[in-house]
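Examination of the molecular architecture
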Amino acid sequence: MIHAQDIAKRYGGIEALRGVSFDIQPGEIVGLLGPNGAGKSTAIKIITGYLHPDAGYVEIDGLNVLRDLHAVQAKIGYLSENTPLYPELSVQAYLAMVADLRAVPRSDFRGLLSDAIYGTGLQAYLTRPIGSLSKGLRQRLGLAQAILHKPQFLILDEPTVGLDPTQIVEIRALIQALAQDSTILFSSHILSEVEAICDRVIIIINGEVKADQSLRELSMSNNATLVLQQDSADVAHSLGAVAGVTSIRQLRSLDDYPAWRINGTADITPQIYALARDRDWPLRELRRDTVTLETFFNQLATTA
Ligand code: ADP
């Protein structure tokens, strides 16, 4: 797993990270989400050992990133903001060079190279100089170098930035396919991307973790909506007496039926259902309200 503990980083007067902690479990695919300038790249550079934190530490698979840098880097594949790609080299020559740098055993060389090439769909471009590739193809090549040694951990900094919509779909599908074998952490400022790919999201704003939740948990609010077939005496009053209910608001009727929005300290739908049965209310609908990532994120961003 990846364990980050209280990592802090300052660039001159800018506090880029102010004590960031999180854990990523094996097999998870986690999105590091935040507005531009939030500290995502800084966190990723520290996790991958390319930048020293001012305080705190990171462990990957129980190894301290700074103390055991080589062992850690053997376990991770990293796509940085600007992966150094050599424009005069061909795709094939570049990947062979990466395999050499990674000290891939000779016996595995062909197999690993071929898996990375086919996995990223680069087979038609092997002899092309990198300098002549489109942004999307370069991004795929960046991914190919990251996955070449079949790393246990894949850490990707804004993997779809600068790509067109078709390329974005391709790269997303590729990341999802890679998640079969690797634990993946990727940063993004695109909400829909995180929603489409991740199990869990860590939201960083102004260098601090503001949320760390599974997307499922995050989508569940403690609000409920109650719709009755017809109004019944004393509904609001009875709801107010339910343990855990914090506020009640009668809504403008939904489809001509009387409706209430009820806020609670936890999921209060079971208690409301029991009450409705008890009072013989003509129940039409009772649901726990959901929250979109966008609403959640905007609430965090505006209160930050
Ligand atoms: P993100 O990846 O979320 O956009 P970054 O980690 O790149 O955020 O940046 C976090 C903050 O640190 C920003 O205010 C950014 O301007 C600043 N920053 C990042 N890198 C440097 C640097 N090398 N020198 C000075 N400030 C930096």
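Reading the values: rules and limits
- Residues numbered from 1 in each chain as written.
- Predicted model: local features only at pLDDT ≥ 70, side-chain atom pairs only at ≥ 80, totals over all residues.
- Heavy atoms only, no water.
- Pairing = 2+ DSSP bridges.
- Helix = DSSP H or I, 4+ residues; strand = E, 2+ residues; numbered from the N terminus.
- Contact = heavy atoms within 4.5 Å.
- Axes fitted to C-alpha atoms, helices over the stretch in contact; angles between N-to-C directions.
- Domains from an automatic or database assignment.
- Expected span 1.5 Å × (residues − 1).
- Buried < 20%, exposed > 50% of the residue type's maximum accessible area, 1.4 Å probe, protein only.

Looking now at the sheet that holds strand β5 (residues 63-64). Strand pairing in a sheet relies on backbone hydrogen bonds. The paired strands run either parallel or antiparallel. Sheet architecture is open: 4 strands sit in the order β2-β1-β4-β5, paired in antiparallel fashion. Strands at the two margins of the open sheet, each flanked by one partner only, are β2 (14-24) and β5. Relative to β5, strand β4 (residues 55-60) is paired through 2 bridges, and the arrangement is antiparallel. Note that in β5 the partner of Glu59 across the bridge is Asn64.

The subject of this paragraph is the environment of Gln229. Within the secondary structure, Gln229 is located in the loop between β11 (220-228) and α9 (235-240). Measuring from C-alpha to C-alpha, the distance between Gln229 and Glu285 comes to 8.6 Å, with 56 residues separating the pair along the chain. Residues contacting Gln229, with those up to four places away along its chain left out, are Tyr257, Pro258, Pro282, Leu283 and Arg284.

The strand order β6-β7-β8-β3-β9-β10 describes an open sheet built from 6 strands, whose pairing is mixed. At either end of the open sheet lies a strand with only one pairing partner, and these are β6 (76-79) and β10 (208-214). Each strand of the sheet is rotated relative to its neighbour by a mean of 15°, with strand direction disregarded. Sheet topology places strand β7 (residues 153-157) next to strand β8 (residues 183-188); 5 bridges connect them, and they run parallel. Across the sheet, the residue bridging to Leu156 is Phe186, located in β8. Packing of helix α5 (residues 135-147) onto the sheet brings it into contact with β6 and β7, and relative to β6 it is tilted by some 165°.

Turning to the domain arrangement of the chain, a few remarks are in order. What the domain assignment reports for the chain is domain 1 (2-217) and domain 2 (221-290). On a C-alpha basis, the centroid separation for the pair domain 1 and domain 2 is 46 Å.

Another aspect to go through is the pairing of β2. As judged from the 8 bridges shared by strand β1 (residues 2-11) and β2, these two strands associate in the antiparallel manner. Bridging across to β2, Ile7 finds its partner in Val20. Taking the residues between adjacent antiparallel strands as the criterion, β1 and β2 are bridged by 2 residues, where Gly12 takes a positive phi near 55°.

This part takes up α5. Under the 1.5 Å per step criterion, the end-to-end length of α5 is 19 Å for 13 residues, consistent within 8% with the ideal 18 Å. In terms of burial, α5 is a largely internal element, 11 of the 13 residues being buried. Along α5, the residues that are buried comprise Gly136, Leu137, Gln139, Arg140, Leu141, Gly142, Leu143, Ala144, Gln145, Ala146 and Ile147. Its buried side turned inward, α5 meets β6, α3 (91-101), α4 (106-119), β7 and α6 (165-178).

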